[in-house]
Amino acid sequence: MKLSQNVNLKPYNTFGIECYCNEMIEIEDDNELLDLDFSQDFFILGFGSNILLSKNLNRVIKFQTKKIQILSENSEQIRLKVDAGVIWDEFVNYSVSNNYYGIENLSAIPGTVGACPIQNIGAYGAEVKDVIDKVEYFDVFTKQIIEINNKNCNFSYRNSIFKQDLKNRAIITSVTFMLQKNEKINTNYADIKNFFGDKNPNLFELRQAIISIRESKLPDYKVLGNCGSFYQNAIVEKNKLLEIQNIYENVPFFDFENKFKIPTAWLIEKTGLKAYKQNKVGISEKHALIIVNYGEASGKEILKFSEFVESKVFDTFGIKIDKEVNII
Ligand code: NAP
């Protein structure tokens, strides 16, 4: 375990917000969790790619555990137990390099393995819930390591039990994945289809395509601080969709569990806010779902700006959009 005092969290959050914690605790072995006092408040920091820091923190716990273990395999599948501290895209790279199928569409998502089940990360028609076998977590109430299988994680769209009943209780220590050895490629999303045309990509080509599509469409947090999608897509009833179609015939939408998913980026664009800037904060010029930090914006300024965007969408469409980013 490594302890550091009075740490500036600016390099540890992709928004690049300056905030401090009294103590940073870096965990190198899961058993070290047993030595910590959880009656004091704590925050688990992953890659800092889905958080908006609006205040200084007391204790920050960061996983530096990095193992990828093969638990079992046969000619068709492989089961891998991956430590919480492994960088998500390094695990995707490992899997693609070994010809394991299942997470290539989730290439280049910033984050750690420990964070991936929490919001059931998804991109290009893939969701991590479809390859998770089980999740292991440390229960801060009982101080025990618990294993929870996929079904009991209550996964749904950008959601899981870790955002609900187990919030502030479970510290994820590892995730076990079941990946496929036989070719199974998903190129259904329009951006991927357009990229390849008539060509059928292999696993490696698909990963490279997704990396370059993301690079071209999303602002680089190392240049302009951001947290990727700030909002979730809107899920609406049929009458709301019809109401919008009366005004915008070409509103994009997708069927979603007996309702309809409308891209929130489209809603924000229609309010005229794409590329809009207010002091040090704004909507990305590249992608309307992304709020960017143009300089030294504080978490509170970004939060206030996000509430302004939400109210604009509500006033225009009568739709309340939900944040994907966690406000700390
Ligand atoms: P896009 O292709 O411009 O599409 C806009 C939205 O429409 C997406 O968010 C996607 O929903 C939905 N969509 C598009 N094609 C669809 C289909 N065939 N079936 C169902 N829904 C469809 O999206 P984008 O903004 O460039 O993002 C591409 C992918 O990367 C998306 O899956 C997005 O979620 C993911 N992404 C995630 C983050 C993040 O920070 N979490 C950041 C950027 C992009 P879904 O979001 O449900 O896929």
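So, here is what we can say about the structure in this document. A quick note: this is a predicted structure, and the numbers were derived from the prediction, not measured. (Residues numbered from 1 in each chain as written. Predicted model: local features only at pLDDT ≥ 70, side-chain atom pairs only at ≥ 80, totals over all residues. Heavy atoms only, no water.)

### Focus: the pairing of strand β5 (residues 57-63)
One face of the sheet, then the other: side chains in a regular strand alternate in exactly this way. In terms of burial, β5 is a largely internal element, six of the seven residues being buried. In this sheet, β5 lies alongside strand β2 (residues 20-27) in parallel orientation, the contact comprising six bridges. Paired with C21 across the strands is L57, a residue of β5. Relative to β5, strand β3 (residues 42-45) is paired through four bridges, and the arrangement is parallel. Bridge assignment links I44 to a residue of β5, and that residue is I61. (Buried < 20%, exposed > 50% of the residue type's maximum accessible area, 1.4 Å probe, protein only. Helix = DSSP H or I, 4+ residues; strand = E, 2+ residues; numbered from the N terminus. Pairing = 2+ DSSP bridges.)

### Overview of the site of the ligand
By nearness alone, 18 residues border the ligand, and Y157, Y189, K217, K261 and H287 come closest of all. Take K217: an N or O atom from its side chain is 2.7 Å from an oxygen atom of the ligand. Where the shell around the ligand is concerned, the elements lending two or more residues are β8 (122-123) and α3 (203-217). For the shell around the ligand, a count of residues per class yields seven nonpolar, five polar and six charged. (Near = heavy atom within 4 Å. Polar contact = N/O pair within 3.5 Å; in protein donor to acceptor, adjacent residues only side chain to side chain. Nonpolar A, V, L, I, M, F, W, Y, C, P; charged D, E, K, R; others polar.)

### Re the pattern of salt bridges
Tallied over the entire structure, the rule returns 20 salt bridges. The salt bridge partner of E136 is K81, with a shortest N-O separation of 3.1 Å. Taken together, the residues span a long stretch of sequence, with E136 in strand β10 (residues 132-139) and K81 in strand β7 (residues 77-83) at a distance of 55 residues. Note on E136: relative accessible area 12%, which makes it buried. (Salt bridge = Lys/Arg side-chain N within 4 Å of Asp/Glu carboxyl O.)

### Considering the nonpolar core
Ranked by size, the top nonpolar core spans 45 residues in total, and within it L267, I291 and I302 carry the most contacts. Look past the residues within four positions of I302 in its chain and what remains in contact with it is F15, I17, L52, F230, V281, I291, N293 and A297. L80, V96, A123 and C153 belong to the second-largest nonpolar core, a separate cluster that totals 42 residues. (Core = buried A, V, L, I, M, F, W, Y, C linked by side-chain atoms within 4.5 Å. Contact = heavy atoms within 4.5 Å.)

### Some points on the environment of F15
Secondary-structure assignment places F15 in the loop between β1 (2-8) and β2. By relative accessible area, F15 is classed as buried at 1%. Spatially, the C-alpha atoms of F15 and Y221 are 6.9 Å apart, while their sequence positions differ by 206 residues. Those residues within four positions of F15 in sequence are excluded, and the remaining contacts are I51, L52, G225, N226, C227, F230, I291, N293 and I302.

### Some thoughts on the sheet that holds strand β14 (residues 234-236)
Ordered by their spatial adjacency, three strands build an open sheet running β14-β16-β15, and the pairing between neighbours is antiparallel. Two strands in the sheet have a free side with no partner beyond their single neighbour: β14 and β15 (254-256). The sheet shows a mean angle of 40° between the axes of neighbouring strands, taken without regard to direction. Here three bridges tie β14 to strand β16 (residues 259-262), and the two strands are oriented antiparallel to one another. Bridging across to β16, A234 finds its partner in I262. (Axes fitted to C-alpha atoms, helices over the stretch in contact; angles between N-to-C directions.)

### Topic: helix α6 (residues 299-317)
Since there are 3.6 residues in each turn of an α-helix, residues three or four apart along the chain are aligned in direction. Its 19 residues give α6 an end-to-end C-alpha distance of 27 Å, which sits within 8% of 27 Å, the value for a rise of 1.5 Å per residue. Those residues of α6 not exposed but buried are G299, I302, L303, F305, S306, V309, E310, V313 and F317. On an axial view of α6, the arc spanned by its buried residues comes to 165°, and they lie on one face. Away from its buried face, by an angle of more than 90 degrees, α6 presents the exposed residues K300, K304 and D315. G318 sits one or two positions beyond α6 and adopts a positive phi of about 70°. (Expected span 1.5 Å × (residues − 1). Arc of directions from axis to C-beta.)

### Looking at the packing of aromatic side chains
Taken as a whole and judged by the stated rule, the model has 21 aromatic pairs. Seen in terms of ring centroids, F195 and F196 are 5.0 Å apart; in terms of plane orientation they differ by 65°. Their pairing is edge-to-face. On the basis of relative accessibility, which here comes to 13%, the residue F196 falls in the buried class. On the basis of an interplanar angle of 45° and a centroid distance of 5.9 Å, the ring pair of W266 and F317 is categorised as tilted. Of this pair, W266 sits in helix α5 (residues 264-270) while F317 sits in helix α6, and the two are 51 residues apart along the sequence. In this structure W266 comes out as buried when scored by relative accessible area, which is 14%. According to the relative accessible area criterion, F317 is buried, its value standing at 5%. Site record: aromatic cluster; members linked through ring pairs are W88, F91, Y94, Y100 and F177. Here the basic side chain of K222 rests over the ring of Y221, its NZ or CZ set 5.2 Å away from the ring centre. Stacked on the ring of Y294, the Lys or Arg K277 has its end atom at 4.4 Å from the ring centre. (Phe/Tyr/Trp six-rings, centres within 6.5 Å; stacked < 30°, edge-to-face > 60°. Lys NZ or Arg CZ within 6 Å of the ring centre and 35° of its normal.)

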